[in-house]
Amino acid sequence: MEYMFTLKYQLADANGDLQALVEQLGEHGCDDALIGAGLPGRIALEFTREADSADAAVRSALEDVRRAVPSATLIEVTPDLVGLTDVAALVGVSRQNMRKLMLAYPDTFPLPVHDGSTSIWHLADVLAWLQARGGYALTAGLVEVARVALEVNVAKEGLRLSGPKPAVQAAAI
């Protein structure tokens, strides 16, 4: 099955040769990704990867990038954090429809990760909620990839938070 997802990275060398980096990524198995470099020192790889599972697809892509660019730091795996507009586009309904669902089912609609003028959710949570309600054409690949993206992002943040504390931060704790 084909799985679509994006890996976003911070590069150690913001002024490196982008063409050489693209070639290096291709040599290490990332030839199934579109590579974008919008901000200096950052790249995004949009994969369409064939694998037995979303987990295998994402993890093999992470490993391929690590081998190609060991100094790159993973920022995030997407799709994960989304607003109602993002969910609506992925599910094929209007943003207003998603907002109505959120307001009509406040006790069961997933809690946002951030609640404010723009609220964001983990896509996997909203898709699981929609699946339980039924009546939405959700692709198994999207649901799987969203779950894996959430797991990888949470694990990455867990490692970041459990890592060594800077001296100033450690003194404040």
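Quick summary incoming for the structure in this document. Note that the structure is a prediction, hence the values are computed from the model and not measured. (Residues numbered from 1 in each chain as written. Predicted model: local features only at pLDDT ≥ 70, side-chain atom pairs only at ≥ 80, totals over all residues. Heavy atoms only, no water.)

## Some remarks on the overall build of the chain
Phase 1: Tallying secondary structure elements over the chain gives seven helices and six strands in all.
Phase 2: From first element to last, N terminus to C terminus, the chain shows the α and β order β-α-β-β-α-β-β-α-α-β-α-α-α.
Phase 3: In terms of overall dimensions, the chain has a C-alpha envelope of 50 × 50 × 25 Å along the principal axes.
Phase 4: Counting all 173 residues of the chain, 36% fall into the buried class. (Helix = DSSP H or I, 4+ residues; strand = E, 2+ residues; numbered from the N terminus. Buried < 20%, exposed > 50% of the residue type's maximum accessible area, 1.4 Å probe, protein only.)

## Describing the sheet that holds strand 4 (residues 73-78)
Phase 1: If you trace the four strands from one edge of the open sheet to the other, you get 2-3-1-4, paired in antiparallel fashion. The open sheet is flanked by strand 2 (33-36) and strand 4, the only strands paired with a single partner. Along the sheet, successive strands turn relative to each other by an average axial angle of 20°, direction set aside.
Phase 2: Bridge analysis of strand 1 (residues 2-10) against strand 3 (residues 42-50) gives nine bridges, and the strand direction is antiparallel. (Pairing = 2+ DSSP bridges. Axes fitted to C-alpha atoms, helices over the stretch in contact; angles between N-to-C directions.)

## Examining the nonpolar core
Phase 1: Grouped together as the largest cluster of nonpolar side chains are 28 residues, with contacts concentrated most on Phe5, Leu7, Tyr9, Leu25, Leu45, Phe47 and Val65.
Phase 2: Elements with a contribution of two residues or more to this core: strand 1, helix 1 (18-27), strand 3, helix 2 (54-68), strand 4 and helix 6 (140-162).
Phase 3: For this core, the leading source of residues is helix 2, giving seven residues.
Phase 4: Not counting chain neighbours up to four residues away, the residues in contact with tyrosine 9 comprise Gly41, Arg42, Ile43, Leu45, Leu62, Val65, Ala72, Thr73, Leu74 and Ile75. (Core = buried A, V, L, I, M, F, W, Y, C linked by side-chain atoms within 4.5 Å. Contact = heavy atoms within 4.5 Å.)

## Considerations on unusual backbone geometry
Phase 1: For the peptide bond that leads from threonine 78 to proline 79, omega is 15°, which places it in the cis range.
Phase 2: With respect to the secondary-structure elements, proline 79 resides in the loop between strand 4 and strand 5 (81-82).

## Quick look at helix 6
Phase 1: If you check helix 6, its first and last C-alpha atoms are 33 Å apart, about what 23 residues at 1.5 Å a residue would give, namely 33 Å.
Phase 2: Among all positions of helix 6, only Gly141, Leu142, Val143, Val145, Ala146, Val148, Ala149, Leu150, Val152, Asn153 and Lys156 are buried.
Phase 3: Tucked into the core, helix 6 has its buried residues touching strand 1, helix 2, strand 4, helix 3 (84-91), strand 6 (121-122) and helix 5 (123-133). (Expected span 1.5 Å × (residues − 1).)

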